[in-house]
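# Structural overview for review
Here is what each chain is made of, one letter per residue.
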Amino acid sequence: MEKPMRPEHPIALITGASSGIGEATARLLAANGCHLALGARRVNLVKELGGELAAQHGIQTFASYVDVRDSASVKSFVDDAAKALGGLHVVVANAGLAKRLDRVEAISEETWQLMLHTNVEGVIRTFQAALPHIRKSGWGHLFTIGSVAGHNVYENGGVYCASKYALRALVQTLRIELCGEPIRLTSVDPGLVETNFSRVRLEDDAKAKAVYQGMTPLVAGDIAECIRWALALPDHVNIDEIIIAPRDQASVYKVHRKM
Ligand code: NAP
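Residues numbered from 1 in each chain as written. Predicted model: local features only at pLDDT ≥ 70, side-chain atom pairs only at ≥ 80, totals over all residues. Heavy atoms only, no water.

In this model helix α4 (residues 109-137) runs 40 Å from its N-terminal to its C-terminal C-alpha over 29 residues, within 8% of the 42 Å that 1.5 Å per residue would give. Residue E121 marks the point of greatest curvature in α4, where the axis turns by about 40°. Just downstream of α4 lies G138, where phi reads positive at about 90°. (Helix = DSSP H or I, 4+ residues; strand = E, 2+ residues; numbered from the N terminus. Expected span 1.5 Å × (residues − 1). Bend = angle between axes of the 7 residues up to and from the residue.)

Spelled out as structure tokens, the structure:
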């Protein structure tokens, strides 16, 4: 009989764990017995979260600065995490952002580079650094946080949409390349989730609030629940892609609002 490889307490690494979906995923995976490696640029926030979850759930945590735009930073975060926690099984490549709403012909080089360096290259760096550790640990599950913007484009969102379309291409390729290994791969692709996302994008609290006005958006915990569920399924099951949107959002262009 094949030896079961799934550990009782998987070691999960999350990028962008200082806020929103990454933080909610850390909280839910901790409650489900995972040991955690938490990374973000706001290192004080991930350190605080790691300390809180270790005390609350009796798990091991490692928290460190990481900037996913920088290969050396990602490599040392992943290597140090695997060393501190004794291996690596699950990676949630969540760090990402949208910046501004600009027409393709008008977007500044600094703005488009920020999105592509973070949302596309950041995931490549994270998976490249993590895969040798996952193979050594013998069982794994990779997650990406895509978007409905990786399925349908919208005006003034060209580069953000391009980044999430590119991410889907990467994930689909990797799924083929990993087939035959004990490593699963799931992309969770949300619609509107109320996090810091719109504040970061629009740099204005009132404009960010208006994005969710009159409708009921998803909360970060809804996305965390998708990750918990896909992870909990038996080893022979791979959830390739989850598209999840609020009931009030039927497409990128159709949001029902009670005004
Ligand atoms: P959020 O609350 O703003 O969180 C974004 C996280 O990414 C933060 O923890 C941030 O941490 C981290 N991050 C950004 N740039 C980084 C970098 N260079 N290096 C390391 N970490 C970085 O937004 P969120 O909604 O949770 O976003 C998480 C993911 O969900 C993103 O990939 C986003 O594209 C995707 N998504 C969000 C929505 C939505 O409506 N909210 C919908 C679809 C997809 P630091 O700033 O501390 O580094």
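After that view, the rundown keeps rolling.
When we look at a pair of aromatic rings, we describe it by the centre distance and by the angle of the planes. Evaluated as defined, the whole model comprises 2 aromatic pairs. Judged by centre distance (6.3 Å) and plane angle (25°), the ring pair of F62 and F77 falls under stacked. With a gap of 15 residues between them, F62 in strand β3 (residues 61-65) and F77 in helix α3 (residues 71-85) connect regions that are remote in the sequence. A relative accessible area of 2% means that F77 is categorised as buried. Note that R201 overlies the ring of Y160, its terminal NZ or CZ placed 5.3 Å from the centroid. (Phe/Tyr/Trp six-rings, centres within 6.5 Å; stacked < 30°, edge-to-face > 60°. Buried < 20%, exposed > 50% of the residue type's maximum accessible area, 1.4 Å probe, protein only. Lys NZ or Arg CZ within 6 Å of the ring centre and 35° of its normal.)

Once that is clear, we can look at the site of the ligand. Close contacts around the ligand come from 30 residues, with S18, S19, R41, Y160 and T195 the closest. Backbone polar atom of I21 to an oxygen atom of the ligand: 2.8 Å apart, as the coordinates give it. Separating an oxygen atom of the ligand from a backbone N or O atom of N94 is a distance of 2.9 Å. Computed on the free molecule, the ligand has an accessible area of 880 Å², of which 96% lies beneath the protein chains in the complex. Because more than half of its atoms lie within 2 Å of the grid, the ligand is assigned to the largest pocket. Looking at the shell around the ligand, the elements that each hand over two or more residues are α1 (20-31), α5 (158-178) and α6 (197-202). Split by residue class, the shell around the ligand holds 13 nonpolar, 12 polar and 5 charged. (Near = heavy atom within 4 Å. Polar contact = N/O pair within 3.5 Å; in protein donor to acceptor, adjacent residues only side chain to side chain. Areas by Shrake-Rupley, 256 points an atom, 1.4 Å probe, with all protein chains shown as cover. 1 Å grid on protein atoms, 1.4 Å probe; cavity = no way out; pocket = protein on both sides within 12 Å on 5 of 7 lines; lining within 4 Å. Sits in = over half its atoms within 2 Å of the grid points. Nonpolar A, V, L, I, M, F, W, Y, C, P; charged D, E, K, R; others polar.)

Summarising burial for strand β5 (residues 140-145): 6 of the 6 residues are buried, a large majority. Here β5 shows a buried face lined by G140, L142 and T144 and a second buried face lined by H141, F143 and I145. In this fold, the crossover linking strand β4 (residues 90-93) to β5 by way of α4 has right-handed handedness. Pairing of β5 with strand β6 (residues 183-190), which is carried by 6 bridges, proceeds in the parallel orientation. Across the sheet, I145 pairs through a bridge with V188, a residue of β6. (Right-handed = clockwise from strand over helix to strand, strands pointing away. Pairing = 2+ DSSP bridges.)

What follows concerns empty space enclosed by the protein. Under the defined criterion, the tally for this structure stands at 1 cavity of 30 Å³ or more. Volume-wise, the largest cavity comes out at about 50 Å³. Taken together, K99, R100, L101, D102, I107, M115, N156, G157, G158, V159, Y160 and R201 make up the lining of the largest cavity. Looking at the lining of the largest cavity, its residues break down into 5 nonpolar, 3 polar and 4 charged. (Points joined across faces, edges and corners; volume = space filled by probe spheres on them.)

Turning our attention to the layout of surface pockets. Taken as a whole, the largest pocket holds about 1,300 Å³ of empty space. What lines the largest pocket is a set of 47 residues, and nearest its centre among them are L97, Y160, T195, F197 and S198. Residue assignment for the lining of the largest pocket shows that the elements contributing at least two residues are α1, α4, α5, α6 and β9 (254-255). The element contributing the most residues to the lining of the largest pocket is α6, with 5 residues. Here the lining of the largest pocket is built from residues that sort into 24 nonpolar, 15 polar and 8 charged.

The tendency in soluble globular proteins is for nonpolar side chains to be buried as a group. In terms of nonpolar packing, the biggest core is built from 36 residues, with I14, L36, L38, F143, V188 and I223 touching the most fellow members. In terms of residues, this core owes the most to one element, helix α8 (residues 220-232), which gives 7 residues. Other than its neighbours up to four places away in sequence, L36 contacts A12, I14, A26, L29, A30, L53, I59, Q60, T61, F62 and L85. (Core = buried A, V, L, I, M, F, W, Y, C linked by side-chain atoms within 4.5 Å. Contact = heavy atoms within 4.5 Å.)

To continue, consider unusual backbone geometry. With a phi angle near 70°, N156 is a residue other than glycine that sits in the positive phi range. Along the chain, the position of N156 falls in the loop between β5 and α5. On the basis of relative accessible area, N156 is assigned to the partly exposed category, the value being 31%. Of note in the backbone geometry, E203 takes a positive phi value of approximately 50° without being a glycine. Along the chain, E203 turns up in the loop between α6 and α7 (205-210).

So far we have only geometry, and geometry alone does not tell us how the molecule works.
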